[in-house]
Amino acid sequence: LQQGWVVTNGLGVLWSDGRVDQVLLDDPADSFPDPTGLAVSPDGKFAIVTSAGSDRVAVVDVAALLELLRKTPDDRRRNDLPYRMGTSARFLLKRIPVGRNPRAVAFSPDGRFAYVAATLDDAITVIETSGFTVAATIPLGGTEVVTETRRGERRFNSAAFSFGRQFSCRSCHPEGHLNGLTLDIEADGIGLRPVDIRSLRGILDTPPFKWEGTNPSLAHQCGPRLSVFFNRLEPPSQEELSALVRYVATIEVPPNPYRSADGLTPAQRRGKQVYDRKTNNRQEPMPPVTRCVYCHSGSYKTSLQATGVGSEMWFDSEAPDVEKIDLNDVDTLGWFGIVYFSYVSPDPSRL
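Being a predicted model, the structure only gives us computed values, none of them experimental. (Residues numbered from 1 in each chain as written. Predicted model: local features only at pLDDT ≥ 70, side-chain atom pairs only at ≥ 80, totals over all residues. Heavy atoms only, no water.)

Caption draft 1: Seen up close, the sheet that holds strand β6 (residues 92-97). Spatial ordering of the open sheet is given by β3-β4-β5-β6, a layout of 4 strands whose pairing is antiparallel. The strands lining the two open edges of the sheet, one partner per strand, are β3 (35-40) and β6. Pairwise comparison of adjacent strand axes, ignoring direction, gives a mean angle of 20° for this sheet. Examined bridge by bridge, strand β4 (residues 46-51) and strand β5 (residues 56-61) share 6 bridges and lie antiparallel to one another. Its bridge partner being in β5, V49 is matched across the sheet by A58. Strands in contact with helix α1 (residues 62-71) are β4 and β5; relative to β5, the strand with the most contacts, it is inclined by about 65°. (Pairing = 2+ DSSP bridges. Helix = DSSP H or I, 4+ residues; strand = E, 2+ residues; numbered from the N terminus. Axes fitted to C-alpha atoms, helices over the stretch in contact; angles between N-to-C directions. Contact = heavy atoms within 4.5 Å.)

Caption draft 2: Quick look at helix α6 (residues 224-231). Listed in full, the buried residues belonging to α6 are R225, L226, S227, F230 and N231. Those residues of α6 that are buried are in contact with α3 (148-156), α4 (169-172) and α5 (218-222). Once α6 ends, the next one or two residues include R232, with phi positive near 60°. (Buried < 20%, exposed > 50% of the residue type's maximum accessible area, 1.4 Å probe, protein only.)

Caption draft 3: The arrangement of the pattern of salt bridges in detail. Throughout the structure, instances matching the rule amount to 20 salt bridges. Of the charged contacts, one joins R19 and D74 as a salt bridge, the two residues approaching to 3.7 Å between their closest N and O atoms. Placement of R19 in the loop between β1 (10-14) and β2 (20-24) and of D74 in helix α2 (residues 74-79) is noted, with a sequence separation of 55 residues between them. Judged by relative accessible area, which is 33%, R19 ranks as partly exposed. Note that D27 and R95 form a salt bridge whose closest N and O atoms lie 3.5 Å from each other. In this pair, D27 sits in the loop between β2 and β3 while R95 sits in strand β6, placing the two residues 68 residues apart along the sequence. (Salt bridge = Lys/Arg side-chain N within 4 Å of Asp/Glu carboxyl O.)

Caption draft 4: Seen up close, the sheet that holds strand β7 (residues 102-107). Pairing in this open sheet of 4 strands is antiparallel, and the strands run β7-β8-β9-β10 from one edge to the other. Whereas interior strands pair on both sides, the edge strands pair on one side only; in this sheet they are β7 and β10 (133-139). Within this sheet the neighbouring strands show an average axis-to-axis angle of 25°, counted without direction. Bridging between β7 and strand β8 (residues 113-118) involves 5 bridges; their strand directions are antiparallel. Bridge pairing in β8 places F107 opposite A114.

Caption draft 5: Layout of the side chain of R77. By the secondary structure assignment, R77 is in helix α2. When its relative accessible area of 7% is taken as the criterion, R77 is described as buried. Among the polar contacts listed, one links the side chain of R77 to the side chain of D21, at a separation of 2.5 Å. Polar side-chain contacts of R77 include one of 3.1 Å to the backbone oxygen of L69. Apart from the residues lying within four places of it in its own chain, the contact partners of R77 are W15, R19, D21, L69, R70, T72 and P82. (Polar contact = N/O pair within 3.5 Å; in protein donor to acceptor, adjacent residues only side chain to side chain.)

Caption draft 6: A look at α1. V62, A64, L65, L68 and L69 are the residues of α1 that are buried. Down the axis of α1, the buried side of the element spans an arc of 170°, and every buried residue falls inside it. In α1, those exposed residues whose orientation departs by more than 90 degrees from the buried face are A63, R70 and K71. The backbone nitrogen of A63 has a side-chain oxygen 3.2 Å away, supplied by the residue at the start of α1, namely D61. (Arc of directions from axis to C-beta.)

Caption draft 7: Local environment of the pairing of β2. Relative to β2, β1 runs antiparallel, the two being bridged by 5 bridges. Counterpart to L14 in the pairing with β2 is V20.

Caption draft 8: Spatial organisation of the packing of aromatic side chains. Applying the stated rule across the entire model yields 3 aromatic pairs. On the basis of an interplanar angle of 35° and a centroid distance of 6.5 Å, the ring pair of F113 and Y115 is categorised as tilted. Y115 gets classed as partly exposed once you look at its relative accessible area, which sits at 32%. In this structure, R155 packs its charged tip against the face of F161, placed 3.7 Å from the ring centre. (Phe/Tyr/Trp six-rings, centres within 6.5 Å; stacked < 30°, edge-to-face > 60°. Lys NZ or Arg CZ within 6 Å of the ring centre and 35° of its normal.)

Put into structure tokens, the structure is as follows:
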């Protein structure tokens, strides 16, 4: 984001022959973050997509969308449409504000209404499909008191706090977990120091945070750092930050699906013996630092310490030594990094 990149969101259209086309739901000045739910009208003419991050839904003209795809040459369908912002103006009828954090949508059997679940308002937004306008809001009996935790949850799920309203915290951490992607966040050169998305489940009382263990608290992790590398806006107020931290601290670890109430399986008991062992296969005492429990102890199975385990690669460094790079372990993006550093090196002949 520091270098002008953007986060986009779109739809995939699956054809009967197995081909998949992709189109964006964003406009250049109007992002559509966290598309979460989709429903097609009974007559197949319209589809409604929820944007959980911007508290809106978008109405898709299905015929216009299919016509766009059919009239676009194959090479452009593959290499242009998935990246072209503004295409949505050709098939979106309108964007409709609804309740907070819309996650799901369904049409009535006769197609006259669509019902949108506004998760963080504990309400249903009713849309009349004749003109696609909001007809009513149905409260679901949620609490009338908005606690600090609920305020933090609303901020966590809102894209209003990111530049261009492109994404929310939930974009990378759906349900407080992870989206399975690796991101290049810092402006230190393309492809350098990539990071995996980390789960937020159960991270309370497990500092330090971040991959390098450089953030001592959740407030530091969720405050100025997010504003610098992600939001590109002013840091949150102390009240907003406290609410966000309070919510993140409540994200629990789900029950282990592999642990039975009847106890450990034979294989799990054997694994625990390996985990707890203090001697090697020759029955010789193992140095404490080589035992699993040395780093993974206590109820959280962590030492709460940052430890180098010798797994560094060339792209982990801000200024890799090109003479020590294993050229068999470099992909196309890696070659770009090597050439880049050869140019900024005082002695380009080193390459």
